[in-house]
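These are the residues of each chain, in order.
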Amino acid sequence: MSKIHAAITGIQGYVPDYILTNKELEKMVDTTDEWIMTRTGISQRHILKGEGKATSDMAVEAIKGLLKKTNTKPEEVELVIVCTVTPDMVFPATANIVCDKVGLKNAWGFDLSAACSGFLYGLTTGTRMIESGAHKKVIVVGADKMSAIVDYTDRTTCVIFGDGCGAVMLEPTEESIGVMDSILRSDGSGREFLHQKAGGSLRPASHETIDNKEHFVYQEGKSVFKFAVTNMADVAAEIMERNNLTADDVAWLVPHQANKRIIDATANRMGVGSDKVMINIERYGNTTSGTIPLCLWEWEKQLKKGDNVILAAFGGGFTWGAIWLKWAYNS
Ligand code: UT7
């Protein structure tokens, strides 16, 4: 019997309407469009506005579009994995909320927290569920409402992050396409450089945590940059080497969109030209779990069946990894 592979059979993205430009940020903190563009490559980001709007609402939009595109009935979906660091609530899982809002009444689900590598962790987990034969329709969502945990008086973080979401459908195939290989890594000692101090069991919310602004993203940018630039490039090169893929074999690099300079370093290390690199950081900023599926969604029409695609990410945890997939369809 031939091996079952997990293929992405559809993708849908969603970004909220409101756009926060660098010019707007110039009025909020001591920064300039020029600094943000040169140091990060970001010129605007989308922000989810409105009372009662949460990460699940973006996921719902993406999943509804995905079901339509893939001609899937809500009751056919068996599992939903929501990769996020900005769940609607500490519990229940955002996946439960999403299943309820979309009417995925036969699905079970869970949230997966791996920061900017969340989508890679989720895609690998979903793949195993398909390969094992346990499930035939799995949705993996990367969604973050970063504006909920960003301090808009801190110029070192507020210029970087945006809100957004992408969702993929995973289905089994006996063809040699889909997710072919995956390398995932983590190093918890990196947590000191990028984390949210309060709101968990270590420091539950209190007047003191609020006064100290401990419910926002804390990042030591320079240190994170140093680890990101090396590890993301190394793991992308490693997945190519162990699968005997040359730069010519690679049709697309889909990097996590944290900083244009980290993306360029990864592409250089792989020997892949800039024409093969998906970059939309300029318009969306860093949407954490959302960056990679948002790229795939935007480039969907250019992707051809059989294309070798390398996904690579680095983020808080530290977590990082790379996935090699063979694109499964022409749209
Ligand atoms: O996706 C999750 C993983 N995260 C990452 O991969 C992020 C990795 N880190 C980075 O992308 C970069 O470190 C940042 C974009 C966060 C910062 O860029 P940088 O080139 O590393 O800047 P820096 O932190 O070394 O700061 C350089 C200077 C500092 O001023 P002094 O101390 O030299 O006077 C900062 O205070 O730039 C200042 N600065 C700013 N100036 C204008 C920091 N943020 C801003 C700002 N506007 N928004």
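Asks: Describe the sheet that holds strand β6 (residues 138-145), with residues and values.
Replies: Ordered in space as β1-β7-β6-β4-β5, the five strands form an open sheet in which the pairing is mixed. Here the strands that pair on one side only, and so sit at the sheet edges, are β1 (5-14) and β5 (108-112). Taken pair by pair, the neighbouring strands of this sheet meet at an average axis angle of 20°, ignoring direction. Both strand β4 (residues 79-83) and β5 contribute to a ladder of five bridges, which runs parallel.

Asks: Just give me the short version of the nonpolar core, but keep the residues and values in it.
Replies: Leu253, Met270, Ile310 and Phe314 are the most contacted members of the largest nonpolar core, which totals 41 residues. Sorting the residues of this core by element identifies α8 (221-242), β11 (250-255), α9 (260-270), β12 (308-315) and β13 (319-326) as the ones contributing at least two each. In terms of residues, this core owes the most to one element, α8, which gives seven residues. When residues are assigned to domains, this core turns out to be shared by domain 1 (5-175) and domain 2 (180-326), each giving three or more.

Asks: Kindly report on the site of the ligand, identifying the contributing residues and their values.
Replies: Residues in close proximity to the ligand total 22 residues, the closest being Thr31, Arg39, Lys222, Asn259 and Asn286. Between the ligand and Trp35 there is a distance of 3.4 Å, counted from an oxygen atom to a side-chain nitrogen or oxygen. The separation between an oxygen atom of the ligand and a polar side-chain atom of Arg155 is 2.9 Å. Relative to its unbound accessible surface of 950 Å², the ligand loses 74% to contact with the protein. Elements represented by at least two residues in the shell around the ligand include exactly α2 (33-40), α6 (155-158), α8 and α9. Class assignment for the residues of the shell around the ligand results in nine nonpolar, eight polar and five charged. Each of domain 1 (5-175) and domain 2 (180-326) contributes no fewer than three residues to the shell around the ligand.

Asks: Tell me about the domain arrangement of the protein chain, residues and numbers included.
Replies: When its domains are assigned, the protein chain resolves into domain 1 (5-175) and domain 2 (180-326). Inter-centroid distance (C-alpha atoms) of domain 1 to domain 2 is 14 Å. Each partner contributes residues to the interface: domain 1 has 50 residues there, and domain 2 has 46 residues. Counting each side, the surface lost to burial between domain 1 and domain 2 is near 3700 Å², with a carbon and sulfur contribution of 61%. Between Glu300 and Lys69 there is a salt bridge, with the nearest N and O atoms lying 2.8 Å from each other. Scanning the region where domain 1 abuts domain 2 turns up 20 residue pairs in polar contact (both at pLDDT 80 or more). For the side of domain 1 that touches domain 2, the secondary-structure elements that each account for two or more residues are β1, α2, β3 (44-47), α5 (118-131), β6 and β7 (163-173). When grouped by side-chain class, the residues that make up the side of domain 1 that touches domain 2 number 24 nonpolar, 19 polar and seven charged.

Asks: Tell me about the sheet that holds β12, and please be specific about residues and values.
Replies: Ordered in space as β8-β13-β12-β11, the four strands form an open sheet in which the pairing is mixed. Each edge of the open sheet carries a strand with a single partner, namely β8 (178-186) and β11. Each neighbouring strand pair of the sheet contributes to a mean axis angle of 15°, computed without reference to strand direction. Relative to β8, α5 is tilted by about 130°, and along the sheet it contacts β8, β12 and β13.

Here is what the cut-offs are and how they apply
- Residues numbered from 1 in each chain as written.
- Predicted model: local features only at pLDDT ≥ 70, side-chain atom pairs only at ≥ 80, totals over all residues.
- Heavy atoms only, no water.
- Pairing = 2+ DSSP bridges.
- Helix = DSSP H or I, 4+ residues; strand = E, 2+ residues; numbered from the N terminus.
- Axes fitted to C-alpha atoms, helices over the stretch in contact; angles between N-to-C directions.
- Core = buried A, V, L, I, M, F, W, Y, C linked by side-chain atoms within 4.5 Å.
- Buried < 20%, exposed > 50% of the residue type's maximum accessible area, 1.4 Å probe, protein only.
- Domains from an automatic or database assignment.
- Near = heavy atom within 4 Å.
- Polar contact = N/O pair within 3.5 Å; in protein donor to acceptor, adjacent residues only side chain to side chain.
- Areas by Shrake-Rupley, 256 points an atom, 1.4 Å probe, with all protein chains shown as cover.
- Nonpolar A, V, L, I, M, F, W, Y, C, P; charged D, E, K, R; others polar.
- Contact = heavy atoms within 4.5 Å.
- Buried area = accessible area lost by both parts, 1.4 Å probe.
- Salt bridge = Lys/Arg side-chain N within 4 Å of Asp/Glu carboxyl O.

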